[in-house]
Amino acid sequence: MSTSKPTAGAAQRTFTKAELAQFDNSDESKPVYLAIKGIVFDVSSNRSMYPHGSGYGVFAGKDASRALAKSSLDKEHCVPQWKDLPADELKVLNDWFAFYEKKYPIVGRVADGSSELAE
Ligand code: HEM
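Every value quoted in this text rests on a predicted model; they were computed, and no experiment measured them. (Residues numbered from 1 in each chain as written. Predicted model: local features only at pLDDT ≥ 70, side-chain atom pairs only at ≥ 80, totals over all residues.)

## Section: the environment of Ala-69
Assignment of secondary structure puts Ala-69 in helix α2 (residues 65–69). Judged by the 24 C-beta atoms lying within 10 Å of it, Ala-69 is buried. The spatial distance from the C-alpha of Ala-69 to the C-alpha of Val-92 is 5.2 Å, given a sequence separation of 23 residues. (Helix = DSSP H or I, 4+ residues; strand = E, 2+ residues; numbered from the N terminus. Buried ≥ 20, exposed ≤ 12 C-beta atoms within 10 Å, placed from the backbone.)

Next comes the structure, spelled out in structure tokens:
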């Protein structure tokens, strides 16, 4: 018998970048995921806020930590690299992390290919 909560136990799947990209809201039959600092959140409960390829949809199916830190929707900022950012942007990023953690279930983490993804 497990005492784990659903978000803490079964949730720990590791996603490659390509696997995470499957959940970019291009297919209505799949959940919508995004990652912040390597942690993958299920934002399906709010999927209309993440239309495929536009608006906040640029964050779907990827780790876009850098864009969140910079308050940017530019696709070139939608990359995980955040460790070089200034303190004010790191604060913005951590505030977003806390926001998502409160609002959405965690489903896993991104496979660490770059050492930029999680601490
Ligand atoms: C004119 C500019 C903007 C307006 C009027 C705006 C407005 C909003 C509103 C009304 C919400 C919903 C808040 C809530 O549910 O409590 C929201 C959420 C959000 N906004 Fe913006 N926003 C703007 C720009 C940006 C930019 C530049 C970014 C880039 C990082 C951004 C990222 C987000 C994110 C990540 C959410 C949370 C989505 C979620 O709940 O899943 N916003 N915004």
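## Observations concerning the sheet that holds strand β2 (residues 33–36)
Strand order across the open sheet formed by four strands is β1-β4-β3-β2, with mixed pairing between neighbours. The open sheet has two free edges, formed respectively by β1 (13–15) and β2, since each of these has just one partner strand. On average, each strand axis in the sheet is tilted by 40° relative to the strand beside it, whichever way the strands run. Here β1 pairs with strand β4 (residues 106–110) via three bridges, running parallel. Paired with Phe-15 across the bridge in β4 is Val-110. (Pairing = 2+ DSSP bridges. Axes fitted to C-alpha atoms, helices over the stretch in contact; angles between N-to-C directions.)

## Re the pairing of β2
Here β2 shows two buried faces, one formed by Tyr-33 and Ala-35 and the other by Leu-34 and Ile-36. Two successive antiparallel strands, β2 and strand β3 (residues 39–42), enclose a turn made up of two residues, where Lys-37 displays a positive phi of approximately 50°.

## Considering unusual backbone geometry
Leaving glycine aside, a negative phi is the common case for residues, and trans is the common case for peptide bonds. Non-glycine residue Lys-37 carries a positive phi angle of around 50°. Tracing the chain through its elements places Lys-37 in the loop between β2 and β3. Classification of Lys-37 as buried rests on a count of 21 C-beta atoms within 10 Å. Non-glycine residue Ser-71 carries a positive phi angle of around 50°. With respect to the secondary-structure elements, Ser-71 resides in the loop between α2 and α3 (87–103). On the basis of neighbour counts, which here come to 11 C-beta atoms within 10 Å, the residue Ser-71 falls in the exposed class.

## Concerning the nonpolar core
By size, the foremost hydrophobic cluster in this structure holds 24 residues, and its most contacted members are Leu-20, Tyr-33, Leu-34, Val-40, Phe-59 and Ala-64. Every element with two or more residues in this core is listed here: β2, β3, α2 and β4. With four residues, the top contributor of residues to this core is β2. Apart from residues no more than four positions distant in its own chain, Val-40 is found in contact with Phe-15, Leu-20, Tyr-33, Ala-35, Ile-106, Val-107, Gly-108, Arg-109 and Val-110. (Core = buried A, V, L, I, M, F, W, Y, C linked by C-beta atoms within 7 Å. Contact = placed C-beta atoms within 7 Å.)

## A short note on the confidence of the model for the protein
Taken as a whole, the protein shows an average pLDDT of 89; of its residues, 85% reach a score of 70 or greater. Across residues 2–9, confidence stays below pLDDT 50; counting only partners more than four residues off in sequence or on other chains, it has five contacts. (pLDDT = per-residue confidence, 0-100.)

## Observations regarding the environment of Gly-61
Following the sequence through the fold, Gly-61 ends up in the loop between β3 and α2. Residues Gly-61 and Val-32 lie 29 residues apart in sequence; the distance between their C-alpha atoms is 7.0 Å. Residues contacting Gly-61, with those up to four places away along its chain left out, are Leu-20, Ala-21, Gln-22, Phe-23, Asp-24 and Tyr-33.

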